[in-house]
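What follows is each chain in one-letter form.
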Amino acid sequence: MPDLSSRDPNWWRQAVIYQVYPRSFADADGDGLGDLKGITQRLNHLAALGVDALWLSPFYPSELADGGYDVADYRDVDPRLGTLDDFDAMVEEAHRLGLKVMVDIVPNHTSDQHVWFQEALRAGPGSAARDRYVFRDGRGANGELPPTDWQSVFGGSAWRRLPDGQWYLHLFTPEQPDLNWDNEEVRADFRTTLRFWSDRGVDGFRVDVAHALAKDLSEPLRDLGAPELSAEAALPHFAPGTHPFYDRDEVHEIYRDWRKILDAYIPPRMAVAEAWVPGARRARYARPDELGQAFNFEYLQAGWDAGELKQVISDSLATARAAGASATWVLSNHDVVRHASRLMLPPGTDPDAWLLSDGTAPAVDESAGLRRARAATLLMLALPGSSYVYQGEELGLPEVADLPAEVLQDPIWEQTGHTSKGRDGCRVPLPWTTSGPSYGFGAGAAWLPQPASFASYAVEAQDGVEGSTLELYRRALRLRRKLLEGEELTWVADTPPGVLAFARGDGWRCVANLSDTAIALPPGEVLLGSRPIEDGRIGPDTTVWLA
Ligand code: GLC
């Protein structure tokens, strides 16, 4: 059993961390937007669920050009979400309940409303203020062409031109100018931010776009040479570490520097990298003298296929082990189609294309989706390492696929010229009660409309109900705490096709049937099933834990 006492330096290695998307969790002041007081009031839900920690997506002052990932001040709270006092009260209550708190840190770019960017706009070309960002003259006779062919992750050129003729780099929206990490003032300011939140009792950090901070800014800037490829898709075309702005070797100096700061606390502050970089290269971010963990998106991207998942799990464990890190598993987050819907898409379907099809694509069968999601979750929670769960998945929420265009807020919708609907469908506010203007989210309507079907997924509808998804998560998390031992997994050989089976320490076994036929239940006491076990058989899309 892991030692989750407050001073254990390794509390995170096999923790279950619950992601809160603050604007969509709970709205205490009734303005339609979730807030910090709302989170504090609902922390008992997380304690009862049995997670070890919560991670908050950004709650900082922001014009919300990218859902808060455009930060105008790294050391304050958005007034719409509360105050620093509210933050302190939330941390205190979380700690009282035995929950750790992680916050999101967004070091690749600021908001264009940040004082530094406003100063850079005023200061003009060649100024020290512009050197904190990436400003360049354009190409072409009059500088009318962008400095390079780099594309924004959200579509279109990654450069925007200012009236004074210079261009600035924005790998995401134009409201998110990229910082220049060669600038010592930028580095110093983030050290201050890490200390600021650590001093306030924050236990860890999720590092946004961790792979993009270091850029090759030597003159002349290099083209990617493949403007049709996204920056990520271009990675394999470069020798490791030499892509102009992704996953460069120098980025690790930054995290080695951060680790010294984080290790000065008791217990050391943990950190997890969001790095969209394949396998072994990604594990470098998780080395013990760097961040400690990195999200494993290969697991999230794998299909509902036993062979593929087995490979991904084995590779992920091996690369994490080689780096001295613990593995991580994620099925849903605020950037992807919720797994209760995604795992039902026919193999090869692009979730973006599915979202855009608005009723023209075959609808996902919600009850089949829920069955599969529950099986996927029990499989994930049996794996060695940390699991990151996203708010609402404990209720079995599906993606809200049919949000009408006029309510969409994700910048992806506009920036792709309406060819990608974006991520709002997984950010619809949570249903807490079966009735009320926003199903208990707040006193008024929510900032994104909730479908009527949310009533049946509400916490109130599932609390104490035998067999509900909420009760399944609660039982799984309670059992997991008791069963966890070591970080090893042993595959069971000779399983039927479409079946994954492995043993953990002390006789705990997990059998997941991903096929469409029932299989015989192996001997052993059934501890938990994602569905009831009937006639001694494990049905399709079902996971069981056995003693
Ligand atoms: C990360 C966040 C995403 C955000 C992007 C830019 O990928 O998870 O929500 O849009 O970074 O900050």
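As a starting point, this report considers the structure included with it.

Conventions adopted
- Residues numbered from 1 in each chain as written.
- Predicted model: local features only at pLDDT ≥ 70, side-chain atom pairs only at ≥ 80, totals over all residues.
- Heavy atoms only, no water.
- Near = heavy atom within 4 Å.
- Polar contact = N/O pair within 3.5 Å; in protein donor to acceptor, adjacent residues only side chain to side chain.
- Areas by Shrake-Rupley, 256 points an atom, 1.4 Å probe, with all protein chains shown as cover.
- Phe/Tyr/Trp six-rings, centres within 6.5 Å; stacked < 30°, edge-to-face > 60°.
- Helix = DSSP H or I, 4+ residues; strand = E, 2+ residues; numbered from the N terminus.
- Buried < 20%, exposed > 50% of the residue type's maximum accessible area, 1.4 Å probe, protein only.
- Salt bridge = Lys/Arg side-chain N within 4 Å of Asp/Glu carboxyl O.
- Core = buried A, V, L, I, M, F, W, Y, C linked by side-chain atoms within 4.5 Å.
- Contact = heavy atoms within 4.5 Å.
- Pairing = 2+ DSSP bridges.
- Expected span 1.5 Å × (residues − 1).
- Arc of directions from axis to C-beta.

Details of the site of the ligand
Then comes step 1: Around the ligand sit 14 residues, and of these D66, D208, E274, H334 and D335 come closest.
Then comes step 2: In this structure, R206 approaches the ligand through a side-chain N or O atom, which is 2.9 Å from an oxygen atom.
Then comes step 3: Within the side chain of D335, an N or O atom sits 2.5 Å from an oxygen atom of the ligand.
Then comes step 4: If the ligand stood free it would expose 310 Å²; the protein chains cover 96% of that surface.

Describing the packing of aromatic side chains
Then comes step 1: Per the counting criterion, the structure on display carries 29 aromatic pairs.
Then comes step 2: On the basis of an interplanar angle of 50 degrees and a centroid distance of 6.0 Å, the ring pair of F135 and Y168 is categorised as tilted. Of this pair, F135 sits in strand β4 (residues 135–136) while Y168 sits in strand β6 (residues 167–169); the two residues are 33 residues apart in sequence, bridging distant segments of the chain.
Then comes step 3: Y168 gets classed as buried once you look at its relative accessible area, which sits at 4%.
Then comes step 4: Where F295 meets F297, the ring centres are 5.7 Å apart and the plane angle is 50 degrees; that geometry is what we call tilted. The same class applies to F295 and to F297, which are both buried.

A closer look at the pattern of salt bridges
Then comes step 1: Under the defined criterion, the tally for this structure stands at 34 salt bridges.
Then comes step 2: The residue E487 makes a salt bridge to R13 at a minimum N-O spacing of 2.7 Å. Remark: R13 occurs in the segment before β1 (16–20) and E487 occurs in the loop between α16 (469–483) and β12 (490–491); sequence separation between them is 474 residues.
Then comes step 3: Residue classification places E487 among the partly exposed residues on the basis of a relative accessible area of 25%.

Notes on the nonpolar core
Then comes step 1: In terms of nonpolar packing, the biggest core is built from 161 residues, with L54, F59, F87, Y255, W258, Y299 and W545 touching the most fellow members.
Then comes step 2: Residue contributions to this core peak at seven residues, all from α16.
Then comes step 3: Discounting residues that sit within four places of it in the chain, Y255 has contacts with V207, A210, L213, Y285, D289, E290 and L291.
Then comes step 4: Counting residues in hydrophobic clusters, the runner-up holds seven residues, among them A501, V511, I538 and V544.

Some thoughts on the sheet that holds β6
Then comes step 1: Pairing in this open sheet of three strands is antiparallel, and the strands run β4-β6-β5 from one edge to the other. In this open sheet, the two edge strands, each paired with only one partner strand, are β4 and β5 (159–161).
Then comes step 2: Pairing of β5 with β6 involves three bridges; the strand directions are antiparallel. What sits directly across from R160, in β6, is Y168.

Brief notes about helix α3 (residues 84–96)
Then comes step 1: The end-to-end C-alpha separation of α3 is 18 Å, in line with the 18 Å expected for 13 residues at 1.5 Å each.
Then comes step 2: Taken residue by residue, α3 has D86, F87, M90, V91 and A94 as its buried positions. Seen end-on, α3 carries its buried residues on one side only, within an arc spanning 135 degrees. Turned more than 90 degrees away from the buried face of α3 sit D85, E92 and R96, all of them exposed.
Then comes step 3: Buried residues belonging to α3 abut α1 (36–41), α2 (43–49), β2 (53–56), β3 (100–105) and α5 (184–199).
Then comes step 4: Just downstream of α3, G98 is the residue with a positive phi angle, here 80 degrees.

Digging into α5
Owing to its 3.6 residues per turn, the α-helix brings residues three or four apart onto one side.
Then comes step 1: With 16 residues, α5 extends 23 Å from end C-alpha to end C-alpha; this agrees with the ideal 22 Å at 1.5 Å per step.
Then comes step 2: Phi for G201, located one or two positions after α5, is positive at around 100 degrees.

Considering unusual backbone geometry
Negative phi characterises most residues that are not glycine, and trans characterises most peptide bonds.
Then comes step 1: Of note, the bond from E219 into P220 is cis; its omega dihedral lies within 30 degrees of zero at -10 degrees.
Then comes step 2: As for its position among the elements, P220 is in the loop between β7 (204–207) and α6 (251–262).
Then comes step 3: Residue P267 follows I266 across a cis peptide bond; omega there is -10 degrees.
Then comes step 4: As for its position among the elements, P267 is in the loop between α6 and β8 (270–273).
Then comes step 5: One non-glycine residue, D247, adopts positive backbone phi at about 55 degrees.
Then comes step 6: Residue position: D247 is located in the loop between β7 and α6.
Then comes step 7: With phi around 65 degrees, H418 is a residue other than glycine that occupies positive phi space.
Then comes step 8: By the secondary structure assignment, H418 is in the loop between α13 (411–415) and α14 (454–457).
Then comes step 9: Residue H418 is classed as partly exposed on the basis of its relative accessible area of 38%.

Digging into the side chain of H339
Then comes step 1: Relative to the assigned elements, H339 resides in helix α10 (residues 339–342).
Then comes step 2: Among the polar contacts listed, one links the side chain of H339 to the side chain of S332, at a separation of 2.8 Å.
Then comes step 3: A polar contact of 3.3 Å, which involves the side chain of H339, links it to the side chain of T377.
Then comes step 4: Discounting residues that sit within four places of it in the chain, H339 has contacts with L331, S332, A373, A376, T377, E393 and Y473.

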